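# Coordinate analysis (summary)
Below are the chains, spelled out letter by letter.
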Amino acid sequence: LRGKRAREVFSKLKMEAGYTLLLKAPEKPRKAVDTSGPSRGAADAKIVIVEFADFECPYCSRALEAVHEVMKTYEGKVRLVFRHYPLSFHPKAPRAAAAAVCANEQGKFWEMHDALFESGELDEDALKMQAKTIGLDEKKFGECLTSERAQAAVKRDLAAGQLAGVDGTPACFINAIMLSGARP
């Protein structure tokens, strides 16, 4: 609230003083980032957002609302790609990411994604309950959850994030320009 008020005061002072910025802001660096992974939005969108997130991260949960708003506001113009980035100090995050990988194998990644963020329940029983709730084949899900392939998929995303310079979540790349942290 104080920050908002300060920006209002500075804007008013600039206008009253006739302030004009003559220097152009430097271009933000672009990072090569792999855009493979579950996605939603227009496949041919001119704007591609690659989000690296952790299901146990409270900031990722908060950022979810902003991501949904962007997708709604710019429908047809934006594609969102999700990549797993379980942080080392979140013990339940790797298994939750594996659960989302397994849901993706059955065509229900986004349902699992939304369920995990909405519930915040990430223990083994909760993951299996979410799988059942969204209509996954429970046997296939259980086998996948303990499989090396699910863990390998999460590790690939983690490596891609590290290569792109991700060091925390949420981290988004908007047309290869990094935006880190939960932002409105």
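For the structure, see preceding data.
As a starting point, this report considers the structure included with it. (Residues numbered from 1 in each chain as written. Predicted model: local features only at pLDDT ≥ 70, side-chain atom pairs only at ≥ 80, totals over all residues. Heavy atoms only, no water.)

## Some remarks on the overall build of the protein chain
Note the threshold: Helix and strand definitions follow DSSP, with helices as H or I runs of at least four residues and strands as E runs of at least two, each counted in order from the N terminus. Accessible area is worked out with a 1.4 Å probe on protein chains only. A residue is then buried under 20% of its type maximum, exposed over 50%, and partly exposed in between. Residue contacts follow a heavy-atom distance rule, with two residues in contact if any of their heavy atoms lie within 4.5 Å. All accessible-area figures derive from a Shrake-Rupley calculation using a 1.4 Å probe, and residue coverage is judged against the displayed protein chains alone. The convention is simple: Lys and Arg are positive, Asp and Glu are negative, and His and the chain ends are not counted. To locate a charge, the coordinates of NZ of Lys, CZ of Arg, CG of Asp or CD of Glu are taken.
Within the protein chain, the secondary structure is distributed over seven helices and five strands. In sequence order, the protein chain lays out its α and β elements as α-β-β-α-β-α-α-α-α-α-β-β. In terms of overall dimensions, the protein chain has C-alpha extents of about 70 × 35 × 35 Å along its principal axes. In the protein chain, which comprises 184 residues, the proportion classed as buried is 39%. In the protein chain, the share of contacts with a sequence separation of at least 24, taken over all contacts with a separation of at least 6, comes to 79%. Of the roughly 11500 Å² of accessible surface on the protein chain, 55% is carried by carbon and sulfur atoms. Across the protein chain, the 28 positively charged side chains and the 25 negatively charged ones have centroids separated by 7 Å.

## Notes on the environment of L23
Within the secondary structure, L23 sits in the loop between helix 1 (2-17) and strand 1 (39-41). Each C-alpha atom of the pair L23 and A159 lies 38 Å from the other, and the pair is 136 residues apart in sequence.

## Thoughts on the packing of aromatic side chains
The following threshold applies: Only centres within 6.5 Å qualify two rings of Phe, Tyr or Trp (six-membered ring in Trp) as a pair; their planes then separate them into stacked at under 30 degrees, edge-to-face at over 60, and tilted for everything else.
For the structure on display, the rule yields seven aromatic pairs. Geometrically, the ring pair formed by F82 and F109 is tilted, given 5.4 Å between the ring centres and 45 degrees between the ring planes. Highlighted residues: F82 in strand 3 (residues 78-84) and F109 in helix 4 (residues 109-119), separated in sequence by 27 residues. With a relative accessible area of 0%, F82 lands in the buried category.

## Details of the pattern of salt bridges
Proximity of charged atoms lets side chains of opposite charge pair with each other. Rules: Whenever Lys or Arg places a side-chain nitrogen within 4 Å of a carboxyl oxygen from Asp or Glu, that contact is recorded as a salt bridge.
Following the criterion strictly, the structure yields eight salt bridges and no others. Across the pair R5 and E8 runs a salt bridge whose closest N-O atoms are separated by 3.5 Å. With R5 and E8 both in helix 1, this residue pair falls three residues apart, about one helical turn. Here E8 falls in the partly exposed class, since its relative accessible area comes to 40%.

## Focus: the nonpolar core
Put simply, the rule reads: The set of buried Ala, Val, Leu, Ile, Met, Phe, Trp, Tyr and Cys residues whose side-chain atoms join them within 4.5 Å is what this entry labels a nonpolar core.
By size, the foremost hydrophobic cluster in this structure holds 36 residues, and its most contacted members are F55, F82, M112, L116, F117, L136 and F141. Here the element with the most residues in this core is helix 3 (residues 93-105); it accounts for eight residues. Setting aside its immediate chain neighbours within four residues, L136 contacts A103, Q106, K108, M112, A131 and F141.

## Section: the environment of H113
One can find H113 in helix 4. We classify H113 as buried; its relative accessible area is 1%. For the pair formed by H113 and A96, sequence separation is 17 residues and the distance between their alpha carbons is 9.2 Å. If near-sequence neighbours (up to four positions away) are discounted, H113 is found in contact with F55, L64 and F82.

## Description of helix 5 (residues 124-133)
Rule in force here: In this context, the arc is that of the directions from the helix axis out to the C-beta atoms.
Along helix 5, the positions that sit buried rather than exposed are A126, L127, Q130 and A131. Projected down its long axis, helix 5 shows its buried positions confined to an angular sector of 140 degrees, all on one face. Opposite its buried face, helix 5 presents the exposed residues D125, M129 and T133, each directed more than 90 degrees away.

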